[in-house]
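Spelled out, the chains give:
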Amino acid sequence: MADATGFHLKGSAPERYEHYVAPLMAPFVTALVDAADLFPGATVLDLACGTGFAARAAAAQAGPTGRVAGADLNEAMLKIAQACHPRLYPDIEFTAAPADDLPYADATFDAVLCQQGAQFFPDLDAALTETARVTRPGGRFAATLWARLDDSPYFMAQYRTLERYDGQEAAAGFRAAFHAADRVTAALDRAGFRSTARRDLTFAIDLPPLDDYIAGHLSSIPWGQTLVDTAGDEALTRAAETIRAQLPPSTTTFPFTATLVTAVR
């Protein structure tokens, strides 16, 4: 269906996630994989892998002698991940599994990556204890988590729009995802990781034309999907227009900040 801006809501939500979230994730995925110090032949887990952004980047560094796995609860996301991964390397093994019950032997992985997922784990301690179990001694953990909502104009516009459409409780849940680094570093220490460190990364990201991009991106994330399901495409369009109105009309380039958390098993 097309709206007044010309936006067409097409494909599944995971397909839209792969298309519209990629521009936001790209520089952070590169930084995440670089922080893991991967090497040819490395075994790597992309935890809460979604459609496989980090798994694909890790496969390029681990190379044909490496092994890369991706685990996520969302089987629809995993289908897109499987369809999108390159065939230049051994198959990336994507598996439906919760972060606190991983189907891997002890000390399997040289590195575990988690791109924008740890803040959503229902039981963070259980998930990172399980992560420690499958990481070999001396192996590395690296995660990125969105930081400082106030410093990301695009996300702040989403927050204010969510507050308008779904109320303060929903908006508070959205904001909470931007304040998880302290919880993650503390849970890593409790799980037995060491040398835990964190630093903020800020990238100015040039988004695609916003009249299409905002609605597409919104339709690919949970609260936008809920809006479509409960109020239809027109509500999505109105929400996208509300977000657009809060952003400068003269640019599509905005700063985004994430915290990179690293640790050693």
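Every chain's residues receive numbers from 1 upward, in the order its sequence appears when written. Since the coordinates come from a predicted model, pLDDT governs what is reported: local features require at least 70, and pairs of side-chain atoms require 80 or more to be given and counted, while whole-chain, interface and lining totals use all residues. With hydrogens and water stripped out, all remaining heavy atoms of the structure feed into the side-chain values.

### Things to note about the confidence of the model for the protein chain
pLDDT: the predictor's confidence for each residue, scored from 0 to 100. Averaged over the protein chain, the pLDDT score is 91; the fraction of residues at 70 or greater is 95%. Any two residues having at least one pair of non-hydrogen atoms within 4.5 Å are treated as being in contact. Here residues 1–7 scores under 50 on pLDDT; set against residues more than four positions off or in separate chains, the count is 15 contacts.

### Let's talk about the environment of Gly 138
A run of H or I in DSSP counts as a helix once it spans at least four residues, and a run of E counts as a strand once it spans at least two, with each numbered from the N terminus. Along the polypeptide, Gly 138 turns up in strand 5 (residues 135–146). Between the C-alpha atom of Gly 138 and that of Asp 110, which follows or precedes it by 28 residues, the distance is 7.8 Å. Beyond its immediate stretch of four places on either side in the chain, Gly 138 contacts Arg 194, Val 264 and Arg 265.

### Regarding the side chain of Ser 220
Turning to its location among the elements, Ser 220 is positioned in helix 9 (residues 210–220). A polar atom in the side chain of Ser 220 sits 2.7 Å from the backbone oxygen of His 217. In this structure Ser 220 touches Ala 13, Arg 16, Tyr 17, Tyr 20, Val 21 and Gln 225, once residues within four positions along its chain are discounted. What qualifies as a polar contact is a pair of N or O atoms within 3.5 Å, subject to a donor-acceptor requirement within protein and to the restriction that residues adjacent in sequence count only when both atoms come from side chains.

### Describing helix 3 (residues 53–62)
Judged by how many residues are buried, helix 3 sits mostly within the fold: seven of ten residues are covered. Relative accessibility thresholds used throughout: buried, under 20% of the residue-type maximum; exposed, over 50%; partly exposed, between the two (1.4 Å probe, protein chains only). Among all positions of helix 3, only Phe 53, Ala 54, Ala 55, Arg 56, Ala 58, Ala 59 and Ala 62 are buried.

### Observations regarding the pattern of salt bridges
Basic side-chain nitrogens of Lys or Arg form a salt bridge, by our definition, when they fall within 4 Å of a carboxyl oxygen of Asp or Glu. Per the stated rule, a full pass over the model turns up eleven salt bridges. Here Asp 37 and Arg 140 are joined by a salt bridge, their closest N and O atoms 3.7 Å apart. With Asp 37 in the loop between helix 2 (22–35) and strand 1 (43–47) and Arg 140 in strand 5, this pair connects stretches of sequence that are 103 residues apart. Judged by relative accessible area, which is 22%, Arg 140 ranks as partly exposed. For Asp 200, the salt bridge is made with Arg 148, and the minimal N-O distance between the two is 2.4 Å. One end of the pair, Asp 200, is in strand 6 (residues 194–206); the other, Arg 148, is in the loop between strand 5 and helix 6 (153–166), and 52 residues separate them in sequence. For Arg 148, a relative accessible area of 37% corresponds to the partly exposed category. One salt-bridge network, in which partners are shared between bridges, spans Asp 106, Glu 130 and Arg 133.

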